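Listed here are the chains, written in short residue letters.
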Amino acid sequence: EISKAGADVKFLVRVSYLEIYNEDICDLLSKDMKKKLEVKERPDVGVYVKDLHQFSVKSAEDMDKIMTVGNKNRSVGSTKMNSHSSRSHAIFTILLRGVIKVWTERDI
């Protein structure tokens, strides 16, 4: 757990939220919901979604707030079974990076 890490470990937590609807990819956290995003691949990065926004968060509550904003932006359409059915797939990604401080003689 992050909370149990020592003082010599620092973390960066970022989140993103995308939707796949009718084979189009949209950023649920973007101000421009009509902009269609593309899946790309680079040898140094791997597979990624170009221009997908990522937000730094400090707590689970921050993540929940961001997910709530994204959920409000999801595409919905009625079906015979459910009048508020989401006919899309959503992916909420949490990126966690940790850095360990290496002590040198200068730090002592």
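Residues numbered from 1 in each chain as written. Predicted model: local features only at pLDDT ≥ 70, side-chain atom pairs only at ≥ 80, totals over all residues. Heavy atoms only, no water.

Enquirer: What is the right way to read the overall build of the protein chain from this model?
Expert: Looking only at helices and strands, one finds one helix and six strands in the protein chain. Written out in order from the N terminus, the α and β elements of the protein chain read β-β-β-β-β-α-β. Within the protein chain, contacts between residues at least 6 apart in sequence are counted, and of these 58% link residues at least 24 apart. Approximately 8,600 Å² of the protein chain is accessible, and the part contributed by carbon and sulfur atoms is 52%. (Helix = DSSP H or I, 4+ residues; strand = E, 2+ residues; numbered from the N terminus. Contact = heavy atoms within 4.5 Å. Areas by Shrake-Rupley, 256 points an atom, 1.4 Å probe, with all protein chains shown as cover.)

Enquirer: Explain the pattern of salt bridges to me, please; I cannot follow it from the model alone.
Expert: In a structure, side chains of opposite charge can pair up when their charged atoms sit close to one another. For the coordinates displayed, the defined rule picks out four salt bridges. In this structure, the salt-bridge partner of glutamate 19 is arginine 74, at a minimum N-O distance of 4.0 Å. Separated by 55 residues along the polypeptide, glutamate 19 in strand β1 (residues 9-21) and arginine 74 in the loop between α1 (60-72) and β6 (89-100) bring together distant segments of the chain. In this structure, aspartate 51 engages lysine 35 in a salt bridge whose closest nitrogen and oxygen atoms are separated by 3.3 Å. You can see aspartate 51 sitting in the loop between β4 (46-49) and β5 (55-57) and its partner lysine 35 sitting in the loop between β2 (24-27) and β3 (39-42), a full 16 residues away along the chain. Residue classification places lysine 35 among the partly exposed positions, given a relative accessible area of 38%. (Salt bridge = Lys/Arg side-chain N within 4 Å of Asp/Glu carboxyl O. Buried < 20%, exposed > 50% of the residue type's maximum accessible area, 1.4 Å probe, protein only.)

Enquirer: Where do I start with the packing of aromatic side chains in this structure?
Expert: How two aromatic rings sit relative to each other is set out by the distance from centre to centre and by the angle between their planes. This model, assessed by the stated rule, comprises one aromatic pair. An angle of 85 degrees between the planes, with centres 5.2 Å apart, marks the rings of tyrosine 17 and phenylalanine 92 as edge-to-face. A residue pair is termed long-range when its members are at least 10 positions apart, and tyrosine 17 in strand β1 and phenylalanine 92 in strand β6 qualify at 75 residues. On the basis of relative accessible area, tyrosine 17 is assigned to the buried category, the value being 5%. (Phe/Tyr/Trp six-rings, centres within 6.5 Å; stacked < 30°, edge-to-face > 60°.)

The analysis is restricted to geometry; functional conclusions fall outside its scope.
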